[in-house]
Amino acid sequence: MSKPDLSVTAKLINGGVAGLVGVTCVFPIDLAKTRLQNQHGKDIYKGMIDCLMKTARAEGFLGMYRGAAVNLTLVTPEKAIKLAANDFFRQLLMEDGMQRNLKMEMLAGCGAGICQVVVTCPMEMLKIQLQDAGRLAVRQGSTSAHSSSRSYTTGSASAHKRPSASLIAWELLRTQGLAGLYKGLGATLLRDIPFSIIYFPLFANLNNLGVTESTGKASFAHSFMSGCAAGSVAAVAVTPLDVLKTRIQTLKKGLGEDSYSGITDCARKLWIQEGPSALMKGAGCRALVIAPLFGIAQGVYFVGIGERILKCCE
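Okay, so let's go over this structure. Keep in mind that this is a model prediction, so the values were computed, not measured.

Turning to the overall build of the protein, a few remarks are in order. Counting its regular elements, the protein contains 13 helices and 0 strands. Each helix and strand of the protein, ordered N terminal to C terminal, gives the series α-α-α-α-α-α-α-α-α-α-α-α-α. Counting only residues that meet the buried cut, the protein has 52% of its 314 residues in that class. Counted over contacts in the protein with a minimum sequence separation of 6, partners at least 24 positions apart contribute 79%.

Bringing the side chain of Lys245 into the picture now. Mapped onto the elements, Lys245 comes out in helix H10 (residues 239-249). At a separation of 2.7 Å, a polar atom in the side chain of Lys245 contacts the side chain of Glu124. Non-local contacts of Lys245, meaning those with residues more than four positions away in its chain, are made with Glu124, Ile128, Gly184, Ala187, Thr188 and Arg191.

Before going further, it helps to examine H10. A large share of H10 lies buried, amounting to 9 of its 11 residues. Within the sequence span of H10, burial applies to Thr239, Asp242, Val243, Leu244, Lys245, Thr246, Arg247, Ile248 and Gln249.

Turning our attention to the nonpolar core. Counting 36 residues, the largest nonpolar core has Phe195, Tyr199, Ile290, Leu293 and Phe294 as its most contacted members. Sequence-distant contacts of Leu293, that is, excluding residues within four places in its chain, are made with Gly22, Val23, Val26 and Lys79.

With that settled, consider the pattern of salt bridges. Side chains carrying opposite charge are able to pair once their charged atoms draw close together. What the rule picks out here adds up to 19 salt bridges. With a closest N to O distance of 2.8 Å, Asp192 and Arg191 form a salt bridge. For the pair Asp192 and Arg191, a shared accessibility class is recorded, and that class is buried. Among the salt bridges present, the one from Asp242 reaches Arg286, with a minimum N-O distance of 3.5 Å. Of the two residues, Asp242 sits in helix H10 while Arg286 sits in helix H12 (residues 283-303), which places them 44 residues apart along the sequence. For Asp242, a relative accessible area of 0% gives the class buried.

What follows concerns the packing of aromatic side chains. Tallying each qualifying case throughout the model produces 9 aromatic pairs. Plain terms: the ring middles of Phe61 and Tyr65 are 5.7 Å apart, the flat faces sit at 50° to each other, and that makes the pair tilted. Looking at Tyr65, the relative accessible area reads 26%, which means it is partly exposed. An angle of 55° between the planes, with centres 4.7 Å apart, marks the rings of Tyr199 and Phe294 as tilted. With Tyr199 in helix H8 (residues 185-208) and Phe294 in helix H12, this residue pair connects regions lying 95 residues apart in the sequence. Among the residues examined, Tyr199 registers a relative accessible area of 0% and is labelled buried.

Time to look at the environment of Leu181. Structurally, Leu181 can be placed in helix H7 (residues 178-181). The spacing of Leu181 and Glu171 is 10 residues in sequence and 9.9 Å in space, taken between C-alpha atoms. Non-local contacts of Leu181, meaning those with residues more than four positions away in its chain, are made with Cys121, Pro122, Met125, Leu126, Ala169, Leu172 and Leu173.

This paragraph deals with the environment of Phe89. Residue placement: Phe89 occurs in helix H3 (residues 68-93). It is 7.9 Å that separates the C-alpha atoms of Phe89 and Leu107, two residues lying 18 residues apart in sequence. Setting aside its immediate chain neighbours within four residues, Phe89 contacts Ala108, Gly111, Ala112 and Cys115.

What follows deals with the packing of H8 against helix H9 (residues 220-237). Remark: H8 packs on H9, axes separated minimally by 8 Å, with the N-to-C direction vectors making an angle of 150°. In terms of orientation, H8 lies roughly antiparallel with respect to H9. Handedness of the H8/H9 crossing: right-handed. Touching Phe195, Ile198, Tyr199, Leu202, Phe203, Leu206 and Asn207 of H8 are His222, Ser223, Ser226, Gly227, Ala229, Ala230, Gly231, Val233, Ala234, Ala235 and Ala237, all from H9. Looking at the contact of H8 with H9, its residues break down into 12 nonpolar, 6 polar and no charged.

How each quantity is defined
Residues numbered from 1 in each chain as written. Predicted model: local features only at pLDDT ≥ 70, side-chain atom pairs only at ≥ 80, totals over all residues. Heavy atoms only, no water. Helix = DSSP H or I, 4+ residues; strand = E, 2+ residues; numbered from the N terminus. Buried < 20%, exposed > 50% of the residue type's maximum accessible area, 1.4 Å probe, protein only. Contact = heavy atoms within 4.5 Å. Polar contact = N/O pair within 3.5 Å; in protein donor to acceptor, adjacent residues only side chain to side chain. Core = buried A, V, L, I, M, F, W, Y, C linked by side-chain atoms within 4.5 Å. Salt bridge = Lys/Arg side-chain N within 4 Å of Asp/Glu carboxyl O. Phe/Tyr/Trp six-rings, centres within 6.5 Å; stacked < 30°, edge-to-face > 60°. Axes fitted to C-alpha atoms, helices over the stretch in contact; angles between N-to-C directions. Parallel < 35°, antiparallel > 145°, perpendicular 65-115°, else oblique. Left-handed = near helix turned anticlockwise from the far one by under 90°. Nonpolar A, V, L, I, M, F, W, Y, C, P; charged D, E, K, R; others polar.

Encoded structure:
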């Protein structure tokens, strides 16, 4: 295996390890974010803590990890693609990968955001259905849960089964083809491209402040904190787009909840019916999810766990 091949493989391993660790740590908060973004007003949950407490009481501890299997399965390729693509575009667009060039860094981030949606869109599509199932059960009650306006299951028997990722994926592929798994692709791109444009240049510049002459790289603690800070800023900045994406990708609606024909229709209805503040639903949760997620990712990436694993395998 050539040196460049080792470098790419190490980046993929780093992204995968970071994604698995990060998702395991913050998934319950991500579940709370999805449920808060999907509810109209505060009819069920008053906030993140209230949501997690009610979820734990009603569904048990494992209920807070609904949909985690999908994330844990797909987060490895997603994070690996995102981080490796950003490095690839940085090297392609900049004469020297270490040279600061804000415009080229933003363009590289844009490329990374575009590449990752191949995995992100279907992953989020399946995850959201599983995460929101508990909210629907509370809101509608068991007797009316099967009468939602846009179900991803068919037949009375399946309506009473706890949804699974494989069942939802199969139903979408059978009825809508591959396009069913990529519903909300436009909204996902609108969220992930600005996120990457903000995150990667901000992280690179923050992390560069901690680079030492002796090692030529930042410490784990500095990389972790840089990832947390950059992730928080980027997450909050694109929260309105994340709310729109969540609403559009939610297939199974509660009684009285709207369906949306697209991004513009969703934004218009949300603004009129719930006010502009609704576009920032789950902003705190997003910051709490993304900060450690990307802090861990960049920490692992810069420590070089992938390189160490490959050395052990030689």
